[in-house]
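Okay, here's what each chain looks like letter by letter:
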Amino acid sequence: MSEEQAPPGIDPKIPSVARMYDYYLGGKDNFASDREAAERVIKLFPRARDIARENRAFLRKAVRLLARSGIEQFIDIGTGLPTAENVHQVALEASPDARVVYVDNDPIVLVHARALLADNPQTIVIEGDLRDPRAIIEHPGVRAHIDFGKPFAVILCAVVHFVEDDAEAAGIVAYLRDRLPPGGAMVLSHGFRGDRGSDSVDEAQKIYSQTRGALKMRDRETIVSYFSGLELVEPGVVQVEAWRPDFDYDIDPSAPGGLGGVGLVPRT
Ligand SMILES: C[S@@+](CC[C@H](N)C(=O)[O-])C[C@H]1O[C@@H](n2cnc3c(N)ncnc32)[C@H](O)[C@@H]1O
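Reference entry: report on the structure contained in this document. As the structure is a computational prediction, the values presented were derived from the model and not from experiment.

Glu-234 connects to Pro-235 through a cis peptide bond whose omega is 10°. Structurally, the position occupied by Pro-235 is in the loop between strand S6 (231-232) and strand S7 (238-239). One non-glycine residue, Glu-85, lies in the positive phi region at around 50°. Along the polypeptide, Glu-85 turns up in the loop between strand S1 (73-77) and helix H4 (87-94). Residue Glu-85 is classed as partly exposed on the basis of its 15 C-beta neighbours within 10 Å. Residues other than glycine seldom take positive phi values, yet Arg-244 does so here, at roughly 45°.

Here you go:
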């Protein structure tokens, strides 16, 4: 996108995490500032593009698994710019009655999502901020679209790491997890600092601090703790490449990257 195409109210000189992610995935919905910031991250983490692609693959595989196992309702917080095989397409393919709510706080994501994702009456898009999860759950549109008495899944893929404060992030995840009924599910992936720590992680966080948001990559224990009280489906919380892989992969499980998992609320 050229800077002239920026919608009113958007400063194209300030990178956005959504457009940087779009750039990693090979999309075209990004400005020069996004590409420049993303390239600096790629220099630090040559695997950044692969991690983004694998994170997206993890999301698709997780949604397919849940839809095939009978979950028909999804609240996807931190939707991102539309790409190939978005949540509603994957869910609808597995379950024609699937209903999806997309939630994001980035104005450009909302414009694209409304144009491309809400192309189906079973899908809605709302503006919402993960840092106010109650407002998302109590949003009248969400209340009308999702039956909270029936199993639903909350999707938090590559978004909780944009909440910098550790206690706040844990509180948000716990709030959403506690709203899930028996048979409900949480799909979560998160930037991982690696088990040995790395200067590149701190440098990448500095780059993200110059965006509209901030990035906090966390340790394994913290990410695993987000699934507290849920039953983890196999293979648990692992590097996204290693979650039910379609292809052979060759990564160090302790290296910085992204950890992902799917947790189910036990049916009592
Ligand atoms: C890295 S993208 C991930 C997209 C998608 N979930 C995926 O995993 O492929 C992160 C998305 O979260 C959104 N986001 C960041 N902070 C947010 C917040 N506080 N509330 C809602 N959305 C947020 C960004 O605008 C962006 O669209």
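We now examine the site of the ligand. As a structural note, the neighbourhood of the ligand is formed by 22 residues, with Ala-18, Gly-78, Gly-80, Asp-106 and Cys-157 the closest of them. Going through the elements one at a time, helix H1 (17-24) and helix H3 (48-68) are the ones with two or more residues in the shell around the ligand. Here the residues of the shell around the ligand are counted per class, giving eleven nonpolar, six polar and five charged.

With 13 residues, helix H2 (residues 32-44) extends 19 Å from end C-alpha to end C-alpha; this agrees with the ideal 18 Å at 1.5 Å per step. Looking only at H2, the buried set comprises Asp-34, Ala-37, Ala-38 and Val-41. What you see down the axis of H2 is that its buried residues fit within an arc of 100°, all on one side. On the buried face of H2, the contacting elements are H1, H3 and helix H9 (199-208).

To continue, consider the pairing of strand S2 (residues 99-104). Summarising burial for S2: six of the six residues are buried, a large majority. Neither face of S2 is left uncovered, since the one carrying Arg-99, Val-101 and Val-103 and the one carrying Val-100, Tyr-102 and Asp-104 both have all their residues buried. In this structure, S1 lies alongside S2, joined through five bridges in parallel fashion. Along S2, the bridge assignment pairs Phe-74 with Val-100. Following the chain from S1 across H4 to the adjacent parallel S2, one finds a crossover that is right-handed.

What counts as what
Residues numbered from 1 in each chain as written. Predicted model: local features only at pLDDT ≥ 70, side-chain atom pairs only at ≥ 80, totals over all residues. Helix = DSSP H or I, 4+ residues; strand = E, 2+ residues; numbered from the N terminus. Buried ≥ 20, exposed ≤ 12 C-beta atoms within 10 Å, placed from the backbone. Near = placed C-beta within 6 Å. Nonpolar A, V, L, I, M, F, W, Y, C, P; charged D, E, K, R; others polar. Expected span 1.5 Å × (residues − 1). Arc of directions from axis to C-beta. Contact = placed C-beta atoms within 7 Å. Pairing = 2+ DSSP bridges. Right-handed = clockwise from strand over helix to strand, strands pointing away.

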